[in-house]
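Spelled out from the first residue to the last, the chains are:
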Amino acid sequence: MAQQYPDQGACCVFSSVLSLSKRLAACAAAVTLVATTAHAAPAPTSDTSGPELVIEDNDFLGPGGSDQLSIIPLLFNPHVRVLGFTVVSGDGWENSESAHLRRLLEIIGRTDVPVADGAVYPLVNTRAEMRLHEMQFGTIPWKGAWGGMGSIDKATDTQPASIGPMKEGTPHTAPIAQSAAQFLIEQVHAHPHQVTILAAGPLTNLALAIRQDPTFAQTAKQLIFMGGMLDTSMMSVTGNADFASDFNMIFDPEGAHITLTAPWKAITVVGSVSNDLMLSREYLARLTSKKTALTSYIGAYYEPLPMWDEMTAAIAADPTLITSAVDAYLDIDTSRGPHYGHAFVVPDALVPHGSPMQRMHIVRSIDAQRFRDTFAQEAQSDLPAHGQ
């Protein structure tokens, strides 16, 4: 299968991005983000005949934090088989994220799970464009690889060649030779209609996979992604503006649009609801009450953040955690205005004829207590991690 699709090296990525930029620039004005409040979108599916096959695509900023801890509901659930992890720039640069992820996998004894490095840059968006957007429409609180919570003026346009010392130690394992897009394509075709794609970072890798192989999305089982936040305007005023910024979509709006308008059999949106549960100090004390290599890692690199990616991973592992959802058409605004990268929903009657927009299952609430209980049990688990 790997030989049927061209490998995506650095030169291929840049050429793909450049050609894609021209196409997107021509149609961006016509592709306004939309979504629809309706009833009947396919809910996330769960096959009880065998383990759930999952690939997690994420911007694994580390050490610690929601990105890294999202692996827990997957690797420590005996009903889930993780085919691999794919890495994308977003919260941090891809090479640093990959190193932190591989080091965590070493710490918990799961170096058998492959890590595929992916897109270093968004398809079209750049630091210069984000800086211009801030000048025109106001500061974006979290800028990830382009400045974090600080000034975008102090960030670099390109990924640094060296990542520097790592608090948790330098990994000894290397990523696999395949690019993230190629790995995603190969695994989905090796297990047709069985692989859940869990995306908890910018959607660049998935967009590249879709562009390389138009059958990729429909050959997967489903997409579950963290992003597409709705109803967060008031939260940005009354709460933490960073938590309401929908960074995964803002960092690469075109990648998000390409991904979310592809013909997936089912899409589940874990957006605004993911702000509802914090990794509080009280909950941290519960997690670290039993000392293991993993809980020691969690305690050492604790950050008081919402459990964005952990919740998304938990839903991928166990969709019955969802207690309410709304089915709607959703897309990402790619017009260069104040809502660039923002998600919108619209009623069925307002969806343009022939639009590629997809109906999605938008999670509104989950069983929070069961999520906390299960996550704590998994984090403290003595289950053998290998041989899933």
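Residues numbered from 1 in each chain as written. Predicted model: local features only at pLDDT ≥ 70, side-chain atom pairs only at ≥ 80, totals over all residues. Heavy atoms only, no water.

Asker: Help me understand the overall build of the protein chain, please; the structure alone is not making it clear to me.
Answerer: The helix and strand tally for the protein chain stands at 15 helices and 9 strands. Burial analysis of the protein chain (388 residues in total) assigns 59% to the buried set. (Helix = DSSP H or I, 4+ residues; strand = E, 2+ residues; numbered from the N terminus. Buried < 20%, exposed > 50% of the residue type's maximum accessible area, 1.4 Å probe, protein only.)

Asker: So what exactly am I meant to see when it comes to the packing of helix α7 (residues 204–212) against helix α11 (residues 253–260) here?
Answerer: Axis angle and axis distance: for two packed helices, these are the angle between their axes and the distance between the axes, and together they describe the pair. Between α7 and α11, whose axes approach to 8 Å, the crossing angle comes to 55°. On the basis of their axis angle, the class for α7 and α11 is oblique. For the crossing formed where α7 meets α11, the hand is left-handed. Note on element contacts: α11 touches α7 through Gly255, Ile258 and Thr259, opposite Leu206, Ala207, Ile210 and Arg211. Residues that form the contact of α7 with α11 fall into these classes: 4 nonpolar, 2 polar and 1 charged. (Axes fitted to C-alpha atoms, helices over the stretch in contact; angles between N-to-C directions. Parallel < 35°, antiparallel > 145°, perpendicular 65-115°, else oblique. Left-handed = near helix turned anticlockwise from the far one by under 90°. Contact = heavy atoms within 4.5 Å. Nonpolar A, V, L, I, M, F, W, Y, C, P; charged D, E, K, R; others polar.)

Asker: Mind showing me how you'd approach the environment of threonine 292 here?
Answerer: Take threonine 292: it is sitting in the loop between α12 (281–287) and α13 (293–300). Threonine 292 gets classed as buried once you look at its relative accessible area, which sits at 18%. Here the alpha-carbon distance between threonine 292 and aspartate 382, two residues 90 residues apart in the chain, equals 8.6 Å. The contacts of threonine 292, once residues within four sequence positions are left out, are Ala379 and Gln380.

Asker: Is there a simple way to explain the sheet that holds strand β5 (residues 222–226) in this structure?
Answerer: Picture the strands of a sheet paired through backbone hydrogen bonds; they go either parallel or antiparallel. The sheet built from 9 strands is open, its strands ordered β3-β2-β1-β4-β5-β6-β9-β7-β8 with mixed pairing. The strands lining the two open edges of the sheet, one partner per strand, are β3 (115–117) and β8 (343–346). The mean inter-strand angle of the sheet, taken between neighbouring strand axes irrespective of direction, is 30°. Bridge count between strand β7 (residues 322–332) and strand β9 (residues 358–366): 8 bridges; the pairing is antiparallel. What sits directly across from leucine 330, in β9, is glutamine 358. (Pairing = 2+ DSSP bridges.)

Asker: Hey, could you run me through the environment of valine 113 in this one?
Answerer: Inspection of the secondary structure puts valine 113 in the loop between α4 (94–107) and β3. Residue valine 113 is classed as buried on the basis of its relative accessible area of 5%. A C-alpha to C-alpha distance of 9.4 Å links valine 113 and arginine 102, two positions 11 residues apart in sequence.

Asker: Before we go on, may I ask you to explain empty space enclosed by the protein in this structure?
Answerer: Empty space among the atoms becomes visible once a probe the size of a water molecule is rolled across them. One pass over the structure, following the stated rule, counts 2 cavities of 30 Å³ or more. Gly228, Leu230, Val269, Gly271, Ser272, Val273, Ile362, Val363 and Arg364 together form the lining of the largest cavity. Per-element tally for the lining of the largest cavity: the top contributor is β9, with 3 residues. Along the lines of polarity and charge, the residues of the lining of the largest cavity split into 5 nonpolar, 3 polar and 1 charged. Roughly 30 Å³ of internal volume is contained in the second largest cavity. In terms of lining, the second largest cavity is formed by Gly64, Gly65, Leu69, Leu279, Ile298, Tyr301, Tyr302 and Glu303. (1 Å grid on protein atoms, 1.4 Å probe; cavity = no way out; pocket = protein on both sides within 12 Å on 5 of 7 lines; lining within 4 Å. Points joined across faces, edges and corners; volume = space filled by probe spheres on them.)

Asker: Looking at this structure, how should I read α4?
Answerer: Compared with the 20 Å implied by 1.5 Å per residue over 14 residues, the 20 Å span of α4 between its first and last C-alpha is a close match. For α4, the tally of buried residues reaches 12 of 14 residues, placing the bulk of the element in the interior. Taken together, the buried positions of α4 are occupied by Glu94, Asn95, Glu97, Ser98, Ala99, His100, Leu101, Arg102, Arg103, Leu104, Leu105 and Glu106. On the buried face of α4, the contacting elements are α2 (65–69), α3 (72–75), β2 (80–87), β3 and α13. Looking one or two residues beyond α4, the residue adopting positive phi is glycine 109, at roughly 75°. (Expected span 1.5 Å × (residues − 1).)

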